[in-house]
Amino acid sequence: MNIIVAVDNNWAIGKNNKLLVRIPSDQQFFRETTTGKVVVMGRKTLESFPNGLPLKNRTNIVLTRNKNYQAGDAVIVHSVDELHEELKKYNSEDIYVIGGQKIYELLLDECDVAHVTKIDYSYDADAYFPNLDEKPEWKLTADSEEQTYFDVVFSFNKYERIG
């Protein structure tokens, strides 16, 4: 499985159920990487999308404890066991965990690749991603040149599990 995330200098990912910053080329990378694939998320992440609707041209799987939750054509699961059963239907390489914090923490150990957009800034935040630079089982295997969007400096990074 894969993870895809944008983090700041403190590995923060959001505030008040919103992204810290919207960078068009990061959103384009996300779209190109996940289109036609399976995206796994929590309820709050889904609700942060425009109109709270599942992402187009992807299989959306939402993990929530709410037994009555429904969201368009998204597949709703209510436990980690149910999620694992659902994920067996798909090729692991086509699965992307897209957030939020609890879902990332829950599934990180099951992922082999992490696509991390690093933003060179420290935002006020309330949601975080585990710092892969501090985890010996993860290794930075690719990174892009620094890019800028107005005054925001960022780079695309790929981490792979080595342990």
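Residues numbered from 1 in each chain as written. Predicted model: local features only at pLDDT ≥ 70, side-chain atom pairs only at ≥ 80, totals over all residues. Heavy atoms only, no water.

How would you explain a negative patch on the surface if you had to name every residue and give the values?
Together, Asp-120, Asp-143, Glu-145 and Glu-146 make up a negatively charged patch on the protein surface. Structurally, Glu-145 is set in the loop between strand 10 (138–143) and strand 11 (147–149). (Patch = residues over 30% accessible without salt bridge, like charges linked within 9 Å, V, L, I, M, F, W, Y side chains within 5 Å. Areas by Shrake-Rupley, 256 points an atom, 1.4 Å probe, with all protein chains shown as cover. Salt bridge = Lys/Arg side-chain N within 4 Å of Asp/Glu carboxyl O. Lys, Arg positive; Asp, Glu negative; His and termini not counted. Charge placed at Lys NZ, Arg CZ, Asp CG, Glu CD. Helix = DSSP H or I, 4+ residues; strand = E, 2+ residues; numbered from the N terminus.)

Got a sec to walk through helix 3 (residues 80–87)? Specific residues and values, please.
All of the buried residues along helix 3 are Leu-83, Glu-86 and Leu-87. Each buried residue of helix 3 lies within a common arc of 95° when the element is viewed along its axis, so the set occupies one face. Those residues of helix 3 hidden inside the fold are in contact with strand 4 (38–42), strand 5 (59–63), strand 6 (75–77), strand 7 (95–99) and helix 4 (101–107). (Buried < 20%, exposed > 50% of the residue type's maximum accessible area, 1.4 Å probe, protein only. Arc of directions from axis to C-beta. Contact = heavy atoms within 4.5 Å.)

Explain the sheet that holds strand 9 (residues 127–128) residue by residue, including any values.
Spatially, 3 strands are ordered 3-2-9 in an open sheet, and the strand pairing comes out antiparallel. Strands at the two margins of the open sheet, each flanked by one partner only, are strand 3 (18–19) and strand 9. Here 2 bridges tie strand 2 (residues 12–15) to strand 3, and the two strands are oriented antiparallel to one another. Looking at the pairing, Lys-15 lines up with Lys-18 of strand 3. (Pairing = 2+ DSSP bridges.)

Pulling in residues and values, what's your account of the pairing of strand 2?
Relative to strand 9, strand 2 runs antiparallel, the two being bridged by 2 bridges. If you follow Gly-14 over to strand 9, its bridge partner there is Ala-127. What sits between strand 2 and strand 3 in their antiparallel hairpin is a turn of 2 residues, with Asn-16 showing a positive phi close to 55°.

Any details on unusual backbone geometry? Residues and values, ideally.
Gly-99 connects to Gly-100 through a cis peptide bond whose omega is 0°. Relative to the assigned elements, Gly-100 resides in the loop between strand 7 and helix 4. Even without glycine at this site, Asn-17 takes up a positive phi of about 60°. Assignment of secondary structure puts Asn-17 in the loop between strand 2 and strand 3. Although it is not a glycine, Asn-51 adopts a positive phi angle of roughly 60°. As for its position among the elements, Asn-51 is in the loop between helix 2 (43–47) and strand 5.

Let's hear about the side chain of Glu-86: which residues, and what values?
Structurally, Glu-86 can be placed in helix 3. Once residues within four sequence positions are removed from consideration, Glu-86 is found in contact with Ile-61, Val-75 and Val-77.

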